[in-house]
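# Chains, contacts and geometry: an overview
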Amino acid sequence: MCIFCDIVEGKIPSTKVYEDEYVIAIRDLNPQAPVHDLVIPKKHFDNIVDLAAADDGTYSAAVIDAIAEVAKAEGIDEGFRVINNCGADAGQSVMHVHFHVIGGRKFEEKII
Ligand code: AMP
C-alpha cells in the first residue's frame, strides 16, 4: 500500500493544484511555508534513484515541467525552493518519489 498511489487514484482526498498525464501536484498536509506543494509522478517510483533507473525520461521531464507550472500557478515563480528527500537517512517518509515546491517567503542563503 502506498499513500501517494492512493492519492493519485483518488482513494485518498487531496487538494490538487496541477495535473497532467504523468504528474499530479497537491498541497502538503503539513505545510512548512505559505506555499508547500508536492509534485508526484502518477507512476510509482520509490525515490529519485529508482526514477532515474526505471524511467525513459518521460516522467523526469514531466516532473520538471510540472514544478514550473505549479510555481507559476501559485505565484512564486520569481523564487522558490525544490526539495527531494531520497531515502530514510534524508528524511523521506513516503516512499513514492515526490518533490516539495516551497515558497511564499524569503529563505536564508544556507540550504539547511
Ligand atoms: P517526505 O518526508 O519528503 O517523504 O515528505 C512527505 C510529505 O508528505 C510530508 O511533507 C507530509 O506532510 C506529506 N504528506 C503525507 N501525507 C499526506 C497527504 N495525505 N496529503 C498531503 N501531504 C501528505
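The text that follows walks through the structure, step by step, so that each part is easy to find.

### Notes on the overall build of the chain
- Assigned secondary structure in the chain consists of three helices and five strands.
- Tracing the chain from N to C terminus, the helices and strands come up as α-β-β-β-α-α-β-β.
- Its C-alpha atoms give the chain a radius of gyration of 13 Å, near enough to 13 Å, the size a compact globule of 112 residues would have.
- Overall, the C-alpha framework of the chain stretches about 35 × 30 × 25 Å when taken along its three principal axes.
- Looking at the chain as a whole, 38% of its 112 residues are labelled buried.
- Across the chain, contacts joining residues at least 24 apart in sequence account for 55% of those joining residues at least 6 apart.

### Comments concerning the state of the cysteines
- In the structure shown here, the tally under the stated rule is zero disulfides.
- In this structure Cys-5 is not part of a disulfide, and its nearest cysteine sulfur, from Cys-2, lies 3.8 Å away.
- Of the residues examined, Cys-5 reaches a relative accessible area of 17% and is grouped as buried.

### Considerations on the side chain of His-98
- Secondary-structure assignment places His-98 in the loop between β4 (80-83) and β5 (99-103).
- Overall, His-98 belongs to the buried group, its relative accessible area being 6%.
- Of note is the side chain of His-98, whose polar atom sits 2.7 Å from the backbone oxygen of His-96.
- Excluding residues within four positions of it along the chain, His-98 makes contact with Phe-4, Leu-38, Val-39, Ile-40, Ile-83, Asn-84 and Gln-92.

### Focus on the sheet that holds strand β1 (residues 16-19)
- Spatial strand order, β1-β2-β3-β5-β4: five strands in an open sheet with antiparallel pairing. Pairing within the sheet leaves two strands with one partner each, and these edge strands are β1 and β4. Strand-to-strand, the axes of this sheet are offset by a mean angle of 20°, without reference to chain direction.
- The pairing of β1 with strand β2 (residues 23-27) spans three bridges and is antiparallel. Looking at β2, one finds that Glu-19 is bridged to Ile-24.
- Running at roughly 160° to strand β3 (residues 35-41), helix α3 (residues 58-73) makes contact with β1, β2, β3, β4 and β5 of the sheet.

### Thoughts on the packing of aromatic side chains
- One pass over the full model with this rule turns up two aromatic pairs.
- Ring geometry for Tyr-22 against Tyr-59: centres 5.3 Å apart, planes inclined by 80°, an arrangement best described as edge-to-face. Note that Tyr-22 is positioned in the loop between β1 and β2 and Tyr-59 in helix α3, a separation of 37 residues in sequence.
- The partly exposed category is assigned to Tyr-22, whose relative accessible area is 27%.
- For Tyr-59, a relative accessible area of 15% puts it in the buried group.
- Taking 5.5 Å as the distance between ring centres and 65° as the angle between the ring planes, the aromatic pair formed by Phe-45 and Tyr-59 counts as edge-to-face. In this pair, Phe-45 is assigned in the loop between β3 and α2 (48-54) and Tyr-59 in helix α3, connecting sequence segments 14 residues apart. As far as the burial class goes, Phe-45 and Tyr-59 line up, both buried.

Cut-offs used in this document
- Residues numbered from 1 in each chain as written.
- Predicted model: local features only at pLDDT ≥ 70, side-chain atom pairs only at ≥ 80, totals over all residues.
- Heavy atoms only, no water.
- Helix = DSSP H or I, 4+ residues; strand = E, 2+ residues; numbered from the N terminus.
- Rg over C-alpha atoms; globule rule 2.2 N^0.38 Å.
- Buried < 20%, exposed > 50% of the residue type's maximum accessible area, 1.4 Å probe, protein only.
- Contact = heavy atoms within 4.5 Å.
- Disulfide = S-S within 2.5 Å.
- Polar contact = N/O pair within 3.5 Å; in protein donor to acceptor, adjacent residues only side chain to side chain.
- Pairing = 2+ DSSP bridges.
- Axes fitted to C-alpha atoms, helices over the stretch in contact; angles between N-to-C directions.
- Phe/Tyr/Trp six-rings, centres within 6.5 Å; stacked < 30°, edge-to-face > 60°.

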